[in-house]
There are 2 protein chains.
Amino acid sequence: MDGLVERVLAGDIRALSRALSVVEDRREGCRAVLKALYRHSGRARVIGITGPPGAGKSTLANGLIGRFRAAGSRVAVVAVDPSSAFSGGAILGDRIRMQDRALDEGVFIRSMATRGHMGGLAAATDDAVTVLDGAGYDVVLVETVGVGQDEVDIVREADTVLVVLVPGLGDDIQAIKAGIMEIADVFVINKADREGAGRLERELHSMLALAGEAPAWTPRVVKTVASRGEGLDAVAAALSDHSDHLAASGALDARRHQKHRQRLWNLLEEGFTERLRRRRLDGHAEGALLERLVRREADPYTTAEEILASVLREEAP
Amino acid sequence: MDGLVERVLAGDIRALSRALSVVEDRREGCRAVLKALYRHSGRARVIGITGPPGAGKSTLANGLIGRFRAAGSRVAVVAVDPSSAFSGGAILGDRIRMQDRALDEGVFIRSMATRGHMGGLAAATDDAVTVLDGAGYDVVLVETVGVGQDEVDIVREADTVLVVLVPGLGDDIQAIKAGIMEIADVFVINKADREGAGRLERELHSMLALAGEAPAWTPRVVKTVASRGEGLDAVAAALSDHSDHLAASGALDARRHQKHRQRLWNLLEEGFTERLRRRRLDGHAEGALLERLVRREADPYTTAEEILASVLREEAP
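Cut-off values and rules
Residues numbered from 1 in each chain as written. Chains lettered and ligands numbered in written order. Predicted model: local features only at pLDDT ≥ 70, side-chain atom pairs only at ≥ 80, totals over all residues. Heavy atoms only, no water. Helix = DSSP H or I, 4+ residues; strand = E, 2+ residues; numbered from the N terminus. Contact = heavy atoms within 4.5 Å. Areas by Shrake-Rupley, 256 points an atom, 1.4 Å probe, with all protein chains shown as cover. Axes fitted to C-alpha atoms, helices over the stretch in contact; angles between N-to-C directions. Parallel < 35°, antiparallel > 145°, perpendicular 65-115°, else oblique. Left-handed = near helix turned anticlockwise from the far one by under 90°. Nonpolar A, V, L, I, M, F, W, Y, C, P; charged D, E, K, R; others polar. Buried < 20%, exposed > 50% of the residue type's maximum accessible area, 1.4 Å probe, protein only. Pairing = 2+ DSSP bridges. pLDDT = per-residue confidence, 0-100. Least-squares fit on C-alpha atoms with pLDDT ≥ 70 in both. Salt bridge = Lys/Arg side-chain N within 4 Å of Asp/Glu carboxyl O. Phe/Tyr/Trp six-rings, centres within 6.5 Å; stacked < 30°, edge-to-face > 60°. Polar contact = N/O pair within 3.5 Å; in protein donor to acceptor, adjacent residues only side chain to side chain. Buried area = accessible area lost by both parts, 1.4 Å probe. Core = buried A, V, L, I, M, F, W, Y, C linked by side-chain atoms within 4.5 Å. Expected span 1.5 Å × (residues − 1). Arc of directions from axis to C-beta.

Caption draft 1: Up close: the overall build of chain A. What chain A contains, in helices and strands, is 14 helices and 7 strands. Long-range pairs, those at least 24 residues apart, make up 75% of the contacts in chain A between residues at least 6 apart in sequence. In the form shown here, chain A has an accessible surface area of approximately 14200 Å², with 48% of it arising from carbon and sulfur atoms.

Caption draft 2: Expanded view of the packing of helix 2 (residues 13-24) of chain A against helix 3 (residues 30-38) of chain A. Residues and elements named next belong to chain A. Between helix 2 and helix 3, the least distance of the axes is 8 Å, while the angle of their chain directions is 120 degrees. Between helix 2 and helix 3, the interaxial angle falls into the category oblique. Note on packing geometry: the crossing formed by helix 2 with helix 3 is left-handed. The residues of helix 3 that touch helix 2, namely those facing A19, V22 and V23, are C30, V33 and L34. Of the residues contributing to the contact of helix 2 with helix 3, the split by class is 6 nonpolar, no polar and no charged.

Caption draft 3: Broad picture of the packing of helix 14 (residues 300-315) of chain A against helix 14 (residues 300-315) of chain B. The geometry of helix 14 of chain A relative to helix 14 of chain B is characterised by a closest axis approach of 8 Å and an angle of 110 degrees between their N-to-C directions. By the criterion of interaxial angle, the relationship of helix 14 of chain A to helix 14 of chain B is roughly perpendicular. Contacts from A:V311, A:L312 and A:E315 in helix 14 of chain A reach B:V311, B:L312 and B:E315 in helix 14 of chain B. Split into classes, the residues belonging to the contact of helix 14 of chain A with helix 14 of chain B amount to 4 nonpolar, no polar and 2 charged.

Caption draft 4: Local environment of the pairing of strand 4 (residues 139-144) of chain B. Residues and elements named next belong to chain B. Summarising burial for strand 4: 6 of the 6 residues are buried, a large majority. Here strand 4 shows two buried faces, one formed by V139, L141 and E143 and the other by V140, V142 and T144. Of the pairings in the sheet, the one linking strand 1 (residues 45-50) to strand 4 comprises 5 bridges and is parallel in character. Of the residues in strand 4, the one forming a bridge with I49 is E143. For strand 2 (residues 75-80) and strand 4, the ladder comprises 6 bridges, and the chain directions are parallel. Counterpart to V75 in the pairing with strand 4 is V139.

Caption draft 5: Expanded view of the sheet that holds strand 4 of chain B. Residue and element names in this part refer to chain B. Spatially, 3-2-4-1-5-6-7 is the arrangement adopted by the 7 strands of the open sheet, whose pairing is parallel. Only two strands of the sheet have a single neighbouring strand rather than two, namely strand 3 (107-112) and strand 7 (220-223). Within this sheet the neighbouring strands show an average axis-to-axis angle of 20 degrees, counted without direction. Here helix 4 (residues 57-70) sits on the sheet and contacts strand 1, strand 2, strand 3, strand 4, strand 5 (160-165) and strand 6 (186-189); the angle it forms with strand 4, its principal contact strand, is near 175 degrees.

Caption draft 6: Structural detail: the confidence of the model for chain A. Overall, the prediction assigns chain A a mean pLDDT of 83, with 82% of residues at 70 or greater. Both confidence scores are given for the complex: pTM 0.68, ipTM 0.76.

Caption draft 7: Highlighting the relation of the copies chain B and chain A. At an RMSD of 0.1 Å, chain B and chain A line up after a rotation of 180 degrees and a shift of 0.1 Å along the axis. These values place the two chain copies in the arrangement generated by a two-fold rotation axis. Residues of chain B ranked by C-alpha distance from the rotation axis are headed by B:L312, positioned 2.5 Å from it. In this assembly the copies share their binding face: 100% of the residues contributing to the interface of chain B also contribute to that of chain A.

Caption draft 8: Representation of the pattern of salt bridges within the structure. All chains considered together, the criterion is met by 36 salt bridges over all chains. Residues A:E24 and A:R110 are paired through a salt bridge, measuring 3.3 Å at the closest nitrogen-oxygen approach. One end of the pair, A:E24, is in helix 2; the other, A:R110, is in strand 3 (residues 107-112), with 86 residues separating them in the sequence. Comparing A:E24 with A:R110 shows no difference in burial state: the two are buried. For the salt bridge of B:E297 with B:R295, the shortest nitrogen-to-oxygen distance reads 3.8 Å. Here B:E297 falls in the partly exposed class, since its relative accessible area comes to 45%.

Caption draft 9: Layout of the sheet that holds strand 5 (residues 160-165) of chain A. Residue and element names in this part refer to chain A. Across the sheet, 7 strands lie side by side as 3-2-4-1-5-6-7; this open sheet has parallel pairing. The open sheet has two edge strands with one neighbour each: strand 3 and strand 7 (220-223). Each adjacent strand pair in this sheet contributes to an overall mean axis angle of 20 degrees, direction not counted. Packed onto the sheet, helix 10 (residues 197-209) meets strand 5, strand 6 (186-189) and strand 7 and runs at close to 165 degrees relative to strand 6.

Caption draft 10: Molecular detail of the packing of aromatic side chains. Applying the stated rule across the entire model yields 5 aromatic pairs over all chains. Between A:F272 and B:F272 the ring centres are 3.6 Å apart and the planes differ by 10 degrees, which places this aromatic pair in the stacked class. Here A:F272, found in helix 12 (residues 251-279), pairs with B:F272, found in helix 12 (residues 251-279), and the two come from separate chains. The two residues A:F272 and B:F272 agree in class, both being buried. The interplanar angle of 85 degrees and the centroid separation of 6.3 Å between the aromatic rings of A:Y301 and B:Y38 together place this pair among those described as edge-to-face. Here A:Y301, found in helix 14, pairs with B:Y38, found in helix 3 (residues 30-38), and the two come from separate chains. Accessibility expressed as a relative area gives 1% for B:Y38, which makes it buried.

Caption draft 11: Region of the structure containing the side chain of B:T160. Residues and elements named next belong to chain B. Tracing the backbone through its elements, the reader meets T160 in strand 5. By relative accessible area, which is 4% here, T160 ends up buried. Side chain to side chain, T160 and H242 meet in a polar contact 2.7 Å long. The contact partners of T160, leaving out residues within four places of it in the chain, are V46, I47, G48, D185, L239, H242, L246 and R255.

Caption draft 12: Examining the interface of chain B and chain A more closely. Listed per partner, the contact involves 50 residues of chain B and 50 residues of chain A. For the pairing of chain B and chain A, the buried interface totals around 5000 Å² over both sides, and the portion due to carbon and sulfur atoms is 73%. Here B:E305 makes a salt bridge to A:R31, at a shortest N to O gap of 3.3 Å. Where chain B touches chain A, the interface holds 15 residue pairs in polar contact (both at pLDDT 80 or more). For the side of chain B that touches chain A, the elements supplying multiple residues, two or more each, are helix 3, helix 7 (120-134), helix 12, helix 13 (283-294) and helix 14 of chain B. Ranked by residues supplied to the side of chain B that touches chain A, first place goes to helix 12 of chain B with 15 residues. Split by residue class, the side of chain B that touches chain A holds 24 nonpolar, 10 polar and 16 charged.

Caption draft 13: Representation of the nonpolar core in the model. Counting 132 residues, the largest nonpolar core has A:L16, A:L132, A:F187, B:L16, B:L132 and B:F187 as the members making the most contacts within it. For A:F187, the residues in contact, after removing those within four places along its chain, are A:V163, A:L165, A:M181, A:L204, A:M207, A:L208, A:P219, A:R220, A:V221 and A:V222.

Caption draft 14: Highlighting helix 11 (residues 232-249) of chain A. All names here are of chain A. The end-to-end C-alpha distance of helix 11 is 26 Å, a good match for the 26 Å that 18 residues give at a rise of 1.5 Å each. Listed in full, the buried residues belonging to helix 11 are L232, V235, A238, L239, H242, H245 and L246. The arc that holds the buried residues of helix 11, viewed along the axis, is 145 degrees, so those residues lie on one side. Turned more than 90 degrees away from the buried face of helix 11, the exposed residues are D233, A247 and A248. One or two residues past the end of helix 11 sits G250, with phi positive at roughly 80 degrees.

The following block contains the structure:
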């Protein structure tokens, strides 16, 4: 691990990739890397992008990267596909990479694998963002595909959340509404040259009008045709407005407090679960234990209390 | 608490209601009640019923209750509506109660409130089922409305899962498919006199045919018009077949092992979280802690390790 963090801080790309792998796979030294880079983090603008498959998120992200680069910002992308294990589709990061960013040293793209993340994909994404933020990137884009709880948990950790929709979703908007709509700061209606763009825009506005008490920030709705670059300036302006609002209103601090609370709880649960797994519920012991429960020779409440007491006793420092 | 469990075991309905409230609100004595009744549980057939709103679940449940009663079984219903806080609609249990079960002493109906369940609604439902099972009901129906992750978590704990659909769902079947379809043992197409019942049936069968390797149990598909009592015999037969299959194949044991493993983990996490909340993250201390993290004066990884160590030390028996 010697010198890895120093090389990351010096801008060494291979060291950065290695640090991300160490963190993502929870390899030895993971905590040391995170602790060291955490001290340098907290400066990046973290932008989450999500929406249903086929909405054109990667094309839009690519366009936004161009805008940030033109303004002199260094950009990192974390592309997370919670469903990639099932869909077998192209990984998000690859799609951006295939576009015209491969040779630009001011852009770093990382795809997150979905398997085996202790503590969940949201926690793993958080750690990757900490590394990239600590490494000095000005903007970190967190991109996910889909509209389920996993995606909500991942992008809600961003400072600004951009939700990309397309006309023709039909009744699906009802299904999407539940979780993702509540976390959006900016809505993009992409492929806005398609039929139904106007109706979708009206639906979004009437949904937002129903939002109860006057919110401090009313989510923007922007129409784009990302493949032709149309509307990207308006998206960049909406992101910038939200950024200003966060800073001016104190909402950024509130969000970051919330984010740290969540992360702390995740880490505590992860730490406890690790200790638990090491001790008691492995292999044979677990089978025998469950058999006793099924036979009603023991009850789960007493058993849980006993296991907990023994973990507390044996792990006490 | 004195004598409460004895009165529950003697068939005292008011004592049963009180025991359920004690457990649901996690009042003092909750663990003692659960431990005592757990010893008497494990005999009931637990049947989960779920499906989208408007599918006619309550009418179907009511019809099934009639069948079970006619066979001499005592039936308890746990009606859980994870979304009732938002929808404000009629609570499931009330709908069944309004039908013709109010005066039958062999039927007990309990609606679960959704607020404030430490450890989640699924764990609270589990505990309620343990109480009713321990109280001697032959059949416990767990009914939920909706097709989200909450509902999946709740009904998957049942021995047999019945999913109720209606024709005319359109593309929604795509959305439903993800979680709920995988846990169904019996599909009911209710309101089967409506247009599209045949198409829905074919869609289900082709979905089931894609299920990969030959499963030990192929979910049944049954058409009903529950409001006229049509098809209820076929549903009862499918439930009975599945029950036989569970017993004969050893799958019942496997399910119950899995269920106990899940419950044990839930209880361990609940116990640990309780200790954590008591100690450290309350009120002022938490605010100061988060402020230090936001200012990068501390990092969350070290902070989590310190909190965990202090909880382990202070709570060690």
